[in-house]
Amino acid sequence: MQMQTDLLQEARRQAEICNACRYCEGYCSVFPALHAERAFGDGDLTQLANLCHNCRGCYYACQYTAPHEFDLNLPQALANVRQDSWEDLAFPRVAGKAFQKNGVLIAVAAVIGFALLFWAARMLGSQGGEGFYAVLSHNAMVAIFLPAFVFPLVSIGISLRRYWRRVEAGPFRVAQLVKAVRQAADMRNLKGGHGDGCNFEDEDRFSHARRMAHQAVMYGFLLCFAATSVATVMHYALNMPAPYGLLSAPKLLGLSGGVLLVLGCTEMIRLKLRSDRTLGARGAFGGEIAFVGLLGFVGLSGLVLYALGQTALMPLLLAVHLGAVLAFFLLMPFTKMAHGFYRLAALTVNAGK
Amino acid sequence: MTLSDTPDLVVIGGGNAALCAAITAAEAGARVLILEAAPKPYRGGNSRHTRNFRCMHHGPLGPLTDSYTEEEYLADLLKVTGGKTHEGLARLAIRSSEECLPWMEQHGVRFQPSLSGTLSLARTNAFFLGGGKGLVNAYYRTAERLGVRVAYEASVTHLELNDDRIDFIDYTQNGETHRVAPKSVVVASGGFQADTDWLARAWGPAAKNFLIRGTPYNRGVVLADLLDQGVEQVGDPTQCHAVAIDGRAPKFDGGIVTRLDCVPFSIVVNKNAERFYDEGEDVWPKRYAIWGRLVAAQPDQVGYVIIDAKSLNLFMPSVFPPIKADTLEELAEKMDLPAEALAKTVAEFNAACGDTSGFHPTELDGVATTGLTPPKTNWARPITEPPFYGYSLRTGVTFTYLGLKVDERAQCAIGNRPVSNLWAAGETMAGSILGQGYLAGFGMTIGTVFGRIAGKEAAAHANAN
């Protein structure tokens with residue numbers, strides 16, 4: 001393990017103060033888990049950090065925040081450990097270190113994605129396909145995207161296995177995962193315990209803005225993913241190749257998903273810009289904004305491609321969209337996107353306790 | 001401040017009682033200005049450190065289970081005050097508490113189930129989600145939505161009392177002096193415990209060594225100013241409510257995390273390594289408060305708790321880790337205690353311990369010493385199992401009893417007549433009800449009930465004049 005001991009030590013110091021206070025017990029899953037411990041090992045802190053949704057309720061309610069000498073800022077302390085754990089647990093580790101906090105590098109990766117697709121379209125061409133396949137053949141697309149899909153899955157699988165060991169989670173039970181998925185589905189931990197939402201964009205005011213934006217992003221992404229999955233099944237199993245009509249399953253799923261993704265990412269960036277950055281992970285703001293931007297761009301370029309798919313701009317738009325998708329997938333384990341998987345793992349671990 | 005800006009009503013203070021008064025008055029149509037001495041991050045006085053509200057109820061109410069009747073509530077209060085209670089005002093506070101809880105929820109306060117380690121209060125006390133600062137934040141949001149203006153770092157220096165009326169208030173803010181002449185004034189600015197000179201005058205020089213558990217802004221400036229001008233006072237001017245807290249706590253504002261719950265499982269010695277009181281007299285919540293005085297009576301106002309490894313996990317963790325050593329000699333050295341004397345005290349204690357098979361950490365188990373002075377009458381197990389742990393104890397002042405005497409309309413008096421436009425709420429008048437002792441969550445009840453009464457009466461006066 002190569003996590004930063006100063007970050008762990010600071011989180012430990014703060015967790016011990018929280019454990020002597022307990023006023024925040026009702027806000028989220030972190031505090032009951034924290035109060036069940038008496039001493040905090042590195043694994044415990046990593047688990048608490050990944051359980052924390054950064055709703056910030058505890059910060060604004062805390063009587064020990066600066067200028068008080070105890071200088072509590074639990075959302076930041078846990079965000080720092082969380083961010084560090086993603087970098088440390090990433091496979092390969094060097095990629096996690098490179099991208100997590102580096103918005104510029106994420107943008108560069110996206111541009112490389114565009115370039116790669118332009119190159120592929122020019123060099124590999126259509127080989128007699130129609131529609132989008134007139135730009136790049138189906139086989140060429142599969143050849144590019146199958147590895148780009150399998151690699152992040154393998155990488156994240158390895159990371160989650162490392163995580164499970166790091167936090168000493170014990171045997172896995174399906175019932176835990178079911179409970180965790182249920183909690184993630186409506187983001188119970190962003191409701192603030194009282195159901196009024198979280199603190200984010202306007203200091204101590206509670207609102208559901210962040211939860212709603214986050215829900216839009218998550219369900220938008222899942223719908224887009226479902227659209228691709230359905231299309232794959234239709235292509236191979238039902239012998240129904242693209243293009244599909246407006247009322248087909250892939251289009252309905254993809255369009256609604258794309259709209260949700262664009263709206264969600266736009267709102268998320270707006271909220272992030274208004275939030276207090278000192279309550280998030282140190283130095284991670286740029287990387288987070290770049291990631292949300294890339295994800296939103298995937299949705300937006302997909303929608304534009306659909307709207308202008310019958311025009312001369314189509315080949316250009318297709319390359320841009322697919323380039324963004326490629327960058328997004330390849331970076332998945334090394335950007336903020338990874339948090340979804342770790343969060344689900346943390347909720348699953350917590351459900352077993 | 002221009003004439004059109006002049007508020008109808010000024011609330012002095014920025015904690016729970018002040019906010020309840022300001023919100024109630026603003027809802028009655030008054031233009032309200034809050035003068036809060038603290039800067040914004042420290043707003044809220046001692047309410048920042050509170051966590052619950054003791055509430056009468058017939059049947060389940062909000063987070064509260066079962067029921068808690070007026071008679072039971074009053075009996076609990078009389079027990080802790082030893083009868084030093086104004087029964088009329090106490091009954092008013094208790095009776096009104098039931099309608100306060102939904103009012104609090106309507107004005108933004110959110111409750112949570114009883115915290116871990118506080119199950120004994122689940123029936124009687126409603127816990128604020130996030131604690132008192134969460135409550136204070138919610139009330140400031142509500143007040144500002146109602147048009148209440150808030151001036152932070154606004155220290156009131158003088159209230160000009162003429163005959164039976166407050167004519168104007170002087171305060172300073174950002175180094176400038178301001179004068180404001182509202183129609184009504186509500187004082188909700190707490191006691192004087194943060195003025196350690198005053199404490200030392202009242203209690204004796206030992207008070208210089210006390211720690212103040214709450215806000216450093218309750219210096220009693222307004223209280224002293226009004227008492228000097230003859231406004232009626234109530235409560236023992238020499239007394240404060242104090243508990244024993246971790247000796248390493250900050251001078252001010254250490255709050256809840258500095259409490260130590262380990263005394264029943266320990267022996268407590270003074271700086272000469274001598275025991276001075278029965279550590280096992282009763283369960284800790286019932287004995288918490290007396291140890292502030294016990295420690296205050298020891299040389300240098302300091303005590304030392306000694307436990308061994310078998311007791312370490314029997315109590316709630318506190319903010320500072322205990323001092324740890326493999327031998328008693330080493331522990332004595334680390335804690336600056338005379339090693340020989342400590343060894344002797346522990347040996348005598350251990351020898352006086354008997355059969356410990358009946359030990360039960362959460363009940364009066366009768367596991368007692370024999371032939372020891374002072375005895376330990378429960379949880380007496382020999383201190384033998386290394387490593388040994390120690391904490392220092394100091395007196396932590398929660399609040400002072402001296403305050404403004406009010407009637408059932410929360411109005412202040414001079415001689416035998418009311419001051420026509422002056423009301424008081426919260427800690428600054430709590431001495432009217434609490435003569436001594438303290439009942440968990442009752443301070444917030446007094447603040448909420450009398451804050452609302454003061455706000456209503458003061459607004460009615462302002463609206464009529």
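Below, the structure is looked at part by part. As the structure is a prediction and not an experimental result, all values here were calculated from the model. Throughout this document, residue positions are counted from 1 along each chain, in the order its sequence is written. Throughout, the order in which chains and ligands are written sets their labels, letters from A for the former and numbers from 1 for the latter. Per-residue local features of the predicted model are confined to residues with pLDDT of at least 70, and side-chain atom pairs are confined, for both listing and counting, to 80 or more; whole-chain, interface and lining totals are unaffected and use all residues.

**Re the overall build of chain B**
The condition that has to hold: The secondary structure listing takes helices from DSSP runs of H or I that are at least 4 residues long and strands from runs of E that are at least 2 residues long, numbered from the N terminus. With C-alpha atoms as the basis for the radius of gyration, the globule rule is written as 2.2 Å multiplied by the number of residues raised to the power 0.38. Neighbour counting defines burial: a residue surrounded by 20 or more other C-beta atoms within 10 Å of its own C-beta is buried, one with 12 or fewer is exposed, and intermediate counts give partly exposed, using backbone-placed C-beta atoms. Throughout, a pair of residues is in contact if the C-beta atoms placed from their backbones lie within 7 Å.
Counting its secondary structure elements, chain B contains eleven helices and 20 strands. What you see for chain B is a C-alpha radius of gyration of 24 Å, in line with the 23 Å of a compact globule of 465 residues. Considering only C-alpha atoms, chain B reaches an extent of 75 × 50 × 40 Å along its principal axes. The buried share of chain B, taken over its 465 residues, is 54%. Once local pairs closer than 6 in sequence are excluded, the contacts in chain B between residues at least 24 apart make up 76%.

**A closer look at the interface of chain B and chain A**
Counted only if it meets this: For this scheme, ten residues count as nonpolar: Ala, Val, Leu, Ile, Met, Phe, Trp, Tyr, Cys and Pro. Four count as charged, namely Asp, Glu, Lys and Arg, and the remainder, Gly too, count as polar.
Contacts between the two partners involve 27 residues from chain B, matched on the other side by 26 residues from chain A. If you tally residues by element for the side of chain B that touches chain A, the top one is helix 4 (residues 132-145) of chain B, at four residues. Its residues assigned to classes, the side of chain B that touches chain A shows ten nonpolar, eleven polar and six charged.

**Focus on helix 1 (residues 5-21) of chain A**
Two residues of an α-helix separated by three or four positions point the same way, owing to the 3.6 residues in each turn. All names here are of chain A. Our working definition: One less than the number of residues in a helix, times 1.5 Å, gives the span that helix is expected to have.
With 17 residues, helix 1 ought to run about 24 Å at 1.5 Å a step, and its terminal C-alpha atoms sit 24 Å apart, in line with that. Turning to helix 1, its buried residues number three or more, namely Leu 7, Leu 8, Ala 11, Gln 14, Ala 15, Glu 16, Cys 18, Asn 19, Ala 20 and Cys 21. Each element contacted by the buried residues of helix 1 is listed here: helix 2 (30-35), helix 3 (42-51) and helix 5 (74-89). At the exit of helix 1 stands Arg 22, carrying a positive phi of roughly 75°.

**Quick look at the pairing of strand 13 (residues 240-246) of chain B**
All names here are of chain B. Put simply, the rule is: In this analysis, strands are considered paired if DSSP registers two or more bridges between them.
Among the seven residues that make up strand 13, seven are buried, leaving the element largely enclosed by the rest of the structure. As defined by bridge partners, strand 13 adjoins strand 17 (residues 388-400) across seven bridges and the pair is classed as antiparallel. Across the sheet, residue Asp 246 finds its bridge partner in strand 17, namely Leu 393.

**Observations regarding the sheet that holds strand 9 (residues 176-180) of chain B**
Residue and element names in this part refer to chain B. To keep it simple, the criterion reads: Only C-alpha atoms enter the line fits that serve as axes; for helices the fit covers just the stretch in contact. Angles between N-to-C directions range over 0 to 180 degrees.
Spatially, three strands are ordered 7-8-9 in an open sheet, and the strand pairing comes out antiparallel. Each edge of the open sheet is held by one strand with a lone partner, namely strand 7 (155-162) and strand 9. Between one strand and the next, the sheet's axes are offset by a mean angle of 20°, whatever the strand orientation. Strand direction decides the pairing type here: strand 7 and strand 8 (residues 165-173), joined by seven bridges, are antiparallel. Looking at strand 8, one finds that Glu 160 is bridged to Phe 168.

Coordinates in, geometry out; function isn't part of it.
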